[in-house]
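Listed here are the chains, written in short residue letters.
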Amino acid sequence: MESSDRSQILFRHGRRRNNLTRGGYLATAVTLPLAQLLLLLLWLAMGVFPAWAQTGASLSGAVTNHTGAALPDVAVTIKNVDTDATRMIATDGRGHFQASGLTPGRFEIRATKPGFADETRTGISLAVGQDATVDIKMQPKTPDACASGHEFATTDCTLTWHGVTLYGAYDVGVGWVSHGLPENGYNYEGASLINRNGNKSRFVLAPNNLQQTGLGIRGKEEFLPGWAVVFNASTGINPQSGLLANASATQTINNGLPRASYSYAIDGARAGQPFNDEIYGGVSSAQFGTLTFGRQRSLGTDAMLLYDPAGGSYAFSYIGYNGTMAGGGDTEDSRWDDALKYRLTYGPVHFGAMYKFADGSAGCYLPSPLPPGGWTAANCTPQAAHNNAYGFDLGGVHGKFSSDFVFQHYNQAISVLNPLLGPQSPAAPYQSATNSINTIQITGPNLVATNNTVYGIVTDNNAIMVAAKYAWDPFKFFAGYEYIWQNNPSNPLGVGASVQGGYIMSGVEDNNLDSEKLVNIWWTGVKYTYRSKTDFTFAWYQQRQNDFRRPPACSPSAGFRASCAGTLNEVSLYADHRFTKRFDGFAGIAYSYVSGGLAIAIPHGPGVPYFHNNNVAPAIGARFAF
């Protein structure tokens, strides 16, 4: 008997009983057939639709970009590899997709969207009635490998072979400075920022205005699904001389010369190393993040390049030209040797951590008073290097707004300040060295070789930085602030200590600070993009320091020293036009000026002021990047 016939008989039987019963028996007569009917319907549902209830499976998930932002209109293809059946759906405005009623089996998901690299997920097995969630993160699409020289010159194709990419840039221009110095072959930062020894107006060749000229090689090779080996090695070059960028050499070539005969002398982390930018290797996981080891940019340098309106430009950015902010107190620390670095992105939030192991030589010193016979290489006390460092970064992205908070701590940070004085005549055939504890000058036979010898101040540094940017097409707004506190080192360095690039310190000041030195750096700026090819950028930078001189004696009448409060400002305005994907031209101007203790040229000893407290520096040039 069919189920429909059975239900009709039961229904008619219920009607006959209802017609015969009266009064209190009516409820019982009605309830019993209804209960039977409900049971029957449940039985029918289970019997008629068993395949639908037990064999359907479903897949759902969310598609985001590399920052964790939702990606709408992504084409998601779901393929049953057992039956070759496919289904294509698009993500909604929240980046979500869902497919139900799938036949159980093994599945493959592929996500595609213009401007992003395709992503595929395999090894997905669905059982009867199973609901699975698979989230997908898509990376910006990397350009295809170059097929010809013409394509290399006119498009953004990459020089890639088997996952290994060669990259670089060439940036050079011409400029004028109101108060400058002669160039040398090692200087790689141009002449835009005010210089303590700048004295004359001059036309100059200006290297590395928007970007450091150099070459690099990087790679990412997958060895397991979702796991890859990564590496990077890069170096900076002076595009005029072809020499490796070498801040320390700009100091040593001025050793022994009178101040009026100096060429440009700078401080920096690039010190003529074969890979003076970065050289590291490590492991990357799509789920667990990236861990690398080697010579790497500090977390502050990463943040500076991301949140500086001028993108770290040497010609138009104070925080790009001077690495005090990026290095958390000293420009030499904008890159860390022997460092572990970890990066992880989870949805819209990203995290970073970094640790530097102690390395190099700490030299030797003698505490005051000096023993009979004075300081000799045989009686000074050897020191151990304690120049370890660590830092953290926490940031996030929400729509068109992003921000980061960075903390950095560095022990035995070195600030290379000036070339060494002397020898001034054949009668004094030695270079002056300085006792690292009591700053007593040692005048006698050289304790360390005069070649590759520099002079510097040593401190223990802490820094916290917060920065943000917001895109409101066609504008982008930038702002940042860093607070740095410095103290004399808890573990002093001595004469003979090593600095970046293997250079040696024969002048060391471990007790330069009378009290804690506090530095405040802030910046702001805006970038306007005209018709997608031309950017106009305005930026303002300021650095301030407290009065850490004891006893305080800082006034125009008493005379300033480097330990007095002071201020440095720089403002810049420039235009950058992209002729092709690789080639752009730029023109702009920067103006900088100093006051108070920051206008002192020689920090140790009586204050020796800058020749001029301001500099005007227009520049024009071109860049080719690949």
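In this text the structure is predicted, and so the values were computed from the model without any measurement.

Asks: Help me out: how do you make sense of the pairing of strand β2 (residues 75–80) in this one?
Replies: In summary, the side chains of a regular strand alternate between the two faces of the sheet. What you see with β2 is a clean split: V76, I78 and N80 sit on the buried side and A75, T77 and K79 on the side with no burial. When β2 meets strand β3 (residues 86–90), the two strands line up antiparallel, connected through 5 bridges. Bridge pairing in β3 links T77 to M88. The loop that links β2 with its antiparallel partner β3 comprises 5 residues; one of these, D84, has a positive phi angle of about 65 degrees. In this structure, β2 lies alongside strand β5 (residues 105–112), joined through 6 bridges in antiparallel fashion. When the bridges of β5 are listed, A75 appears paired with T112.

Asks: I'm lost on the pattern of salt bridges in this one. Help?
Replies: Should the charged atoms of two oppositely charged side chains come close, the side chains can pair. Summed over all chains, the structure comprises 15 salt bridges. In this structure, R110 and D118 form a salt bridge, with 2.6 Å as the shortest nitrogen-oxygen distance. With relative accessibility at 39%, the residue R110 sits in the partly exposed group. Classification of D118 as partly exposed rests on a relative accessible area of 40%. Here D302 ties to R343 by a salt bridge, and the two come within 3.0 Å at their closest N and O atoms. Taken together, the positions of D302 in helix α6 (residues 299–307) and R343 in strand β16 (residues 335–346) put the pair 41 residues apart, joining distant regions of the chain. You can call R343 partly exposed: its relative accessible area is 26%. Via salt bridges that share partners, D277, E278, R297 and R335 belong to a single interconnected network.

Asks: What is the right way to look at unusual backbone geometry in this model?
Replies: What you tend to see is this: most non-glycine residues have negative phi, and most peptide bonds are trans. P474 follows D473 through a cis peptide bond whose omega is 5 degrees. Mapped onto the secondary structure, P474 falls in the loop between β24 (453–472) and β25 (475–487). One non-glycine residue, Q412, adopts positive backbone phi at about 55 degrees. Residue position: Q412 is located in strand β21 (residues 401–418). Here Q412 falls in the buried class, since its relative accessible area comes to 4%. At S532, a residue that is not glycine, the phi angle is positive and equals roughly 65 degrees.

Asks: How do you make sense of the state of the cysteines when you look at a structure like this?
Replies: Here a disulfide denotes one covalent bond, and it connects the sulfur atoms of two cysteines. In the structure shown here, the tally under the stated rule is 1 disulfide. Across a sulfur-sulfur distance of 2.0 Å, C146 and C157 are joined as a disulfide pair. Measuring handedness by torsion sign, the sulfur bridge of C146 and C157 sits at about 95 degrees and is right-handed. Of this pair, C146 sits in the loop between β8 (136–137) and α4 (149–154) while C157 is found in the loop between α4 and β9 (159–161), placing the two residues 11 residues apart along the sequence. Take C146: its relative accessible area is 22%, and that puts it in the partly exposed class. Take C157: its relative accessible area is 4%, and that puts it in the buried class.

Asks: Would you mind going over the side chain of T534 with me for this structure?
Replies: With respect to the helices and strands, T534 occurs in strand β28 (residues 534–545). A polar atom in the side chain of T534 sits 2.6 Å from the side chain of H577. Dropping the residues within four chain positions of it, T534 is found in contact with Y528, T529, D576, H577 and R578.

Asks: What am I meant to see in the nonpolar core here?
Replies: One finds I319, M325, M465, I521, W523 and Y541 to be the most contacted residues of the largest nonpolar core, which totals 44 residues. Counting 21 residues, the second-largest nonpolar core is a separate cluster that includes L71, I89, F97 and M138.

Asks: It is not clear to me how the pairing of strand β15 (residues 289–297) should be interpreted in this structure. Could you clarify?
Replies: Across 7 bridges, the pairing between strand β14 (residues 278–285) and β15 is antiparallel. Opposite I279, over in β15, you have R295 as the bridge partner. Where β14 hands over to β15, the hairpin turn is made up of 3 residues, counted between the paired strands. Pairing between β15 and β16: 7 bridges, direction antiparallel. Bridge pairing links Q296 to W336 in β16.

Asks: What should I look at first to understand the environment of F538 in this one?
Replies: Checked against the element boundaries, F538 lands in strand β28. Note on F538: relative accessible area 38%, which makes it partly exposed. Separated by 37 residues in sequence, F538 and A575 have C-alpha atoms that sit 9.1 Å apart.

Asks: Please clarify how the packing of aromatic side chains should be interpreted in this entry.
Replies: Two descriptors summarise a pair of aromatic rings, namely the distance from one centre to the other and the angle between the planes of the rings. Within this structure, the stated rule accounts for 19 aromatic pairs. Ring centres of W336 and Y410 lie 5.8 Å apart, and the angle between their planes is 70 degrees; this geometry places the pair in the edge-to-face category. With a gap of 74 residues between them, W336 in strand β16 and Y410 in strand β21 connect regions that are remote in the sequence. Residue classification places W336 among the buried positions, given a relative accessible area of 1%. A centroid spacing of 6.0 Å and a plane angle of 20 degrees characterise the contact between F475 and F477, whose relative ring orientation is stacked. Among the aromatic side chains, those forming a connected cluster through ring pairs are W472, F475, F477, Y528 and F536. Of note, R218 hangs over the ring of Y167, and the distance from its end group to the ring centre comes to 4.3 Å. Residue placement shows K469 over the ring face of Y307; its charged tip is 5.9 Å from the ring centre.

Conventions we followed
Residues numbered from 1 in each chain as written. Predicted model: local features only at pLDDT ≥ 70, side-chain atom pairs only at ≥ 80, totals over all residues. Heavy atoms only, no water. Buried < 20%, exposed > 50% of the residue type's maximum accessible area, 1.4 Å probe, protein only. Helix = DSSP H or I, 4+ residues; strand = E, 2+ residues; numbered from the N terminus. Pairing = 2+ DSSP bridges. Salt bridge = Lys/Arg side-chain N within 4 Å of Asp/Glu carboxyl O. Disulfide = S-S within 2.5 Å. Polar contact = N/O pair within 3.5 Å; in protein donor to acceptor, adjacent residues only side chain to side chain. Contact = heavy atoms within 4.5 Å. Core = buried A, V, L, I, M, F, W, Y, C linked by side-chain atoms within 4.5 Å. Phe/Tyr/Trp six-rings, centres within 6.5 Å; stacked < 30°, edge-to-face > 60°. Lys NZ or Arg CZ within 6 Å of the ring centre and 35° of its normal.

Read these as layout, nothing more, since geometry by itself doesn't imply function.
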